[in-house]
There are 2 protein chains.
Amino acid sequence: MIARRGVRGLRVEELAAEAGVSTALIYYHFKDRTGVLRQTLEFINDRAERYTTDRDPDDPPLTPREELEETLLLELQDTVEVRENSSAWGELRASAVFDEVLREDLARATLVWVQEVAALLGQVQPMVPASALAAAAERLTALLEGLSMRWLSGGIKIGHARELMRGAIDAELSGLGQG
Amino acid sequence: MIARRGVRGLRVEELAAEAGVSTALIYYHFKDRTGVLRQTLEFINDRAERYTTDRDPDDPPLTPREELEETLLLELQDTVEVRENSSAWGELRASAVFDEVLREDLARATLVWVQEVAALLGQVQPMVPASALAAAAERLTALLEGLSMRWLSGGIKIGHARELMRGAIDAELSGLGQG
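Given the structure is predicted, the values throughout are model-derived calculations rather than measurements.

**Side note on the pattern of salt bridges**
Residues and elements named next belong to chain A.
Stage number 1. According to the stated counting rule, one finds 25 salt bridges over all chains in the structure shown.
Stage number 2. Its salt-bridge partner being Glu69, residue Arg166 comes within 4.0 Å of it at the nearest N-O pair. Here Glu69 lies in helix H5 (residues 64–73) and Arg166 lies in helix H9 (residues 158–178), a separation of 97 residues in the sequence.

In structure tokens, the structure reads:
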């Protein structure tokens, strides 16, 4: 529902109706509206973790470079799952500008994501210092958020977003290689 | 008001109260809620144009590289004006995910911004084809949006956002130089 209508349009009564349960049960499970948002964040993070890392064990192993590209580009796919995830993530991020309640959870989730991408960058460029890897990972993930919002708001096509993301990976790796 | 409370919290009645006029006058001027949003977009674009290009005519002229950096980094300042502008821009972008009404205006404003940055990149790297300049400009502006949202939502400090932006300009220019 958050992915479809946004955080600000979310009413616990409608959530209960959609789930076919009482509002009391929603409050019992989630405690309050913040609890719902927090669980949403956890849900989309678990799901993203799954669709960006699940691979068929029979497939040939990826090179570090391929793994980096795949991890980032799997967040830019026109599927129901990714569209929902990205819309909800963007909404939680945008609502945190006005509402401090989710800021810490968002910062923690972002940090985990940045560290994951930094580790992949480090596998491609093992001689680069950790601080440079972290900065490049922060940029790549922030760019991905920016491109996702442009895609979801109809500004660019998904294929073009992916092409721009690939270009950014090239530019960052060439920057790290020279550092 | 949009920068303070978001697009979704906007009521024409409150807007009228804040301005100290009747709702009839608001409707007369803006026609409807969409008219208010459209004028907001125009207002923040005009203001950004001003604070990113206004320079003292007695200052020494900037090199193309300095002009590029300044144009982008002036959007990452902890001033009331930039904070308001970026919050409102982020809100219009985020609400366009759920509401199609502003998509065209946003796409047009984004294109103008991308072209401006592409032209500055072209002054730094005159031999690079236009398509590569445009792609780099799309990435730099989308990254700026992503970093702004992280800053406004309390995820990173403004100084760090600026440092990351500078790093991206370096990476993109080194990428274009090799192309």
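**Here we look at the packing of H9(A) against helix H8 (residues 130–152) of chain B**
Stage number 1. At a minimum axis separation of 10 Å, H9(A) and H8(B) run at an interaxial angle of 90 degrees. If you check the angle between H9(A) and H8(B), you find them roughly perpendicular. Counted together, His160(A), Leu164(A), Gly167(A) and Ala168(A) of H9(A) and Ala135(B), Glu138(B) and Arg139(B) of H8(B) form the full contact between these two elements.
Stage number 2. Grouping the constituent residues of the contact of H9(A) with H8(B) by class yields three nonpolar, two polar and two charged.

**Considerations on the side chain of Thr71(B)**
Stage number 1. Residue placement: Thr71(B) occurs in helix H5 (residues 64–73).
Stage number 2. Those residues in contact with Thr71(B) that sit more than four places away from it in its chain are Thr52(B), Glu116(B) and Leu120(B).

**A look at the UniProt feature "domain: HTH tetR-type" (unreviewed entry) in chain A**
Stage number 1. Look at the UniProt record and you will see "domain: HTH tetR-type" (unreviewed entry) annotated at residues 1–48 of chain A.
Stage number 2. Taken end to end, residues 1–48 of chain A has its terminal C-alpha atoms 17 Å apart, with 75% of it in helix and 0% in strand.

**A word on the interface of chain B and chain A**
By a widely used convention, the size of an interface equals the accessible area lost when the partners come together.
Stage number 1. Counting residues at the interface gives 41 residues for chain B, matched by 41 residues for chain A.
Stage number 2. At the boundary of chain B with chain A, total buried surface from both sides reaches about 3200 Å², with 60% on carbon and sulfur atoms.
Stage number 3. Contact with chain A buries area across many residues of chain B, yet Phe98(B), Arg139(B) and Arg150(B) alone supply 22% of it, more than any other trio.
Stage number 4. Where chain B packs against chain A, one counts 13 residue pairs in polar contact (both at pLDDT 80 or more).
Stage number 5. Broken down by secondary-structure element, the contributors of at least two residues to the side of chain B that touches chain A are helix H1 (2–5), helix H6 (80–95), helix H7 (103–124), H8 and helix H9 (158–178) of chain B.
Stage number 6. Here the side of chain B that touches chain A takes twelve residues from H8(B), the largest share from any one element.
Stage number 7. Its residues assigned to classes, the side of chain B that touches chain A comprises 18 nonpolar, twelve polar and eleven charged.

Quick notes on the rules
- Residues numbered from 1 in each chain as written.
- Chains lettered and ligands numbered in written order.
- Predicted model: local features only at pLDDT ≥ 70, side-chain atom pairs only at ≥ 80, totals over all residues.
- Heavy atoms only, no water.
- Salt bridge = Lys/Arg side-chain N within 4 Å of Asp/Glu carboxyl O.
- Helix = DSSP H or I, 4+ residues; strand = E, 2+ residues; numbered from the N terminus.
- Axes fitted to C-alpha atoms, helices over the stretch in contact; angles between N-to-C directions.
- Parallel < 35°, antiparallel > 145°, perpendicular 65-115°, else oblique.
- Contact = heavy atoms within 4.5 Å.
- Nonpolar A, V, L, I, M, F, W, Y, C, P; charged D, E, K, R; others polar.
- UniProt positions renumbered as here; feature names shortened; annotations may be inferred.
- Buried area = accessible area lost by both parts, 1.4 Å probe.
- Polar contact = N/O pair within 3.5 Å; in protein donor to acceptor, adjacent residues only side chain to side chain.

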